[in-house]
Amino acid sequence: MISKILIIGACGQIGSELTNRLRLELGTENVIASDIRENNPELVASGPFEIIDAKSLKQIKHCIKKHNVDTVYLMAALLSATGEKFPQKAWNLNTTSLLNVLNLAKDKVISKVFWPSSIAVFGPTTPKINTPQRTIMEPTTVYGITKQVGERWCEYYHNNYDVDVRSIRYPGIISWKTLPGGGTTDYAIDIFHKAINEGHYDCFLTEYTALPMMFMDDAVKATLDIMNANPEDVKIRSSYNLSAISFTPKQLATQIAKQLPEFTISYTPDFRQKIANSWPNSIDDTAARQDWYWEHDYDLEAITNEMLLQLGEKAIS
Ligand code: SER
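Visitor: Help me understand the site of the ligand, please; the structure alone is not making it clear to me.
Guide: In the vicinity of the ligand, the contacting residues are L79, S80, S118, Y143, G183, T184, T185 and W279. S80 places a polar side-chain atom, nitrogen or oxygen, 2.6 Å from an oxygen atom of the ligand. S118 is positioned such that a nitrogen or oxygen atom in its side chain is 2.6 Å from an oxygen atom of the ligand. Here the ligand loses 94% of its free accessible area of 230 Å² to cover by the protein chains. Taken together, the residues that form the shell around the ligand break down as three nonpolar, five polar and no charged.

Next up, the structure:
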């Protein structure tokens, strides 16, 4: 029997690309997109779409019954920078939505859940280089707190209620199709838009702020890989460290300047610097590579080439 999927938060940066990919693989009618608003006209027009507030158990349950859904990807969340502006809102959305979905899995209304965690689960006391899977976790952002508590709930529901929940700790995700919203790692996307349109970027992080990053295609691949893995291979049921590359704003700017020699960058760190300082520089994802054979494809050069190509064509057309 073919799986029927519901993506909550489908209009967002990762949700929209995940929806497109799953529709290609499973058939459009088998992938229900949902979001609190019709934020992405192309996606809304491309297949089944429902308005869902992820905080509403009733709305999620209604949609699941209506479409006979068995698997939920919960992609709705307030990210790190927005979370610091609206702490209560971030807590409410990020934790209520997860418990809604986990409870539906506990009650066997659905059989499988994907929920993303983040490098934001780590904090200033975490070892920064090659951060291990299991280590000190004292996040200092609301977003990080919601991800940490979420990881504990995922493991708890798996251990106590046999819920098949799978999760990865995404690094910063770089993509060109939709604009990101409210993340600290988003500078690595803004920089490409500004490089192409204005030739200059004023970065909100310092030049030496190294953060773990990944291209969207790799992030989607990792998500599908863990969801398609044999249940017994998914040994960690909190969330897996996941890594591709790591770079500083200066390294990214240098890579961009190889193709756009006129490009210049300046640095005016703001409140997001403190968030970035609290996160790892690089991540050890040996467990993901061993347990479900994770491998990334895109290095810094490949990401830069692809971003400049795609956004350059968009700017012309
Ligand atoms: N990319 C996210 C952020 O910057 C981290 O998960 O908030």
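Visitor: Is there a simple way to explain unusual backbone geometry in this structure?
Guide: Most peptide bonds take the trans form, and the phi angle of most residues other than glycine is negative. One non-glycine residue, N68, adopts positive backbone phi at about 60 degrees. Locating N68 in the fold gives a position in the loop between helix 3 (57–67) and strand 4 (71–74). Even without a glycine there, the phi angle at N130 is positive, about 50 degrees. Here N130 shows up in the loop between strand 6 (117–118) and helix 6 (142–161).

Visitor: Explanation requested: the pattern of salt bridges in the structure shown.
Guide: Pairs may arise between side chains of opposite charge once their charged atoms sit close together. Using the criterion set out here, one finds 13 salt bridges in the structure. Residue K221 pairs with D297 through a salt bridge whose shortest N-O separation is 3.3 Å. Of this pair, K221 sits in helix 8 (residues 216–228) while D297 is found in the loop between helix 11 (286–291) and helix 12 (300–316), placing the two residues 76 residues apart along the sequence. Overall, the relative accessible area of 22% leaves K221 in the partly exposed class. Residue D297 is classed as exposed on the basis of its relative accessible area of 53%. Here K235 and D291 are joined by a salt bridge, their closest N and O atoms 3.8 Å apart. Residue K235 is found in the loop between helix 8 and strand 12 (240–241), and its partner D291 is found in helix 11; the two are separated by 56 residues along the sequence. The exposed category is assigned to K235, whose relative accessible area is 56%.

Reading the values: rules and limits
- Residues numbered from 1 in each chain as written.
- Predicted model: local features only at pLDDT ≥ 70, side-chain atom pairs only at ≥ 80, totals over all residues.
- Heavy atoms only, no water.
- Near = heavy atom within 4 Å.
- Polar contact = N/O pair within 3.5 Å; in protein donor to acceptor, adjacent residues only side chain to side chain.
- Areas by Shrake-Rupley, 256 points an atom, 1.4 Å probe, with all protein chains shown as cover.
- Nonpolar A, V, L, I, M, F, W, Y, C, P; charged D, E, K, R; others polar.
- Helix = DSSP H or I, 4+ residues; strand = E, 2+ residues; numbered from the N terminus.
- Salt bridge = Lys/Arg side-chain N within 4 Å of Asp/Glu carboxyl O.
- Buried < 20%, exposed > 50% of the residue type's maximum accessible area, 1.4 Å probe, protein only.

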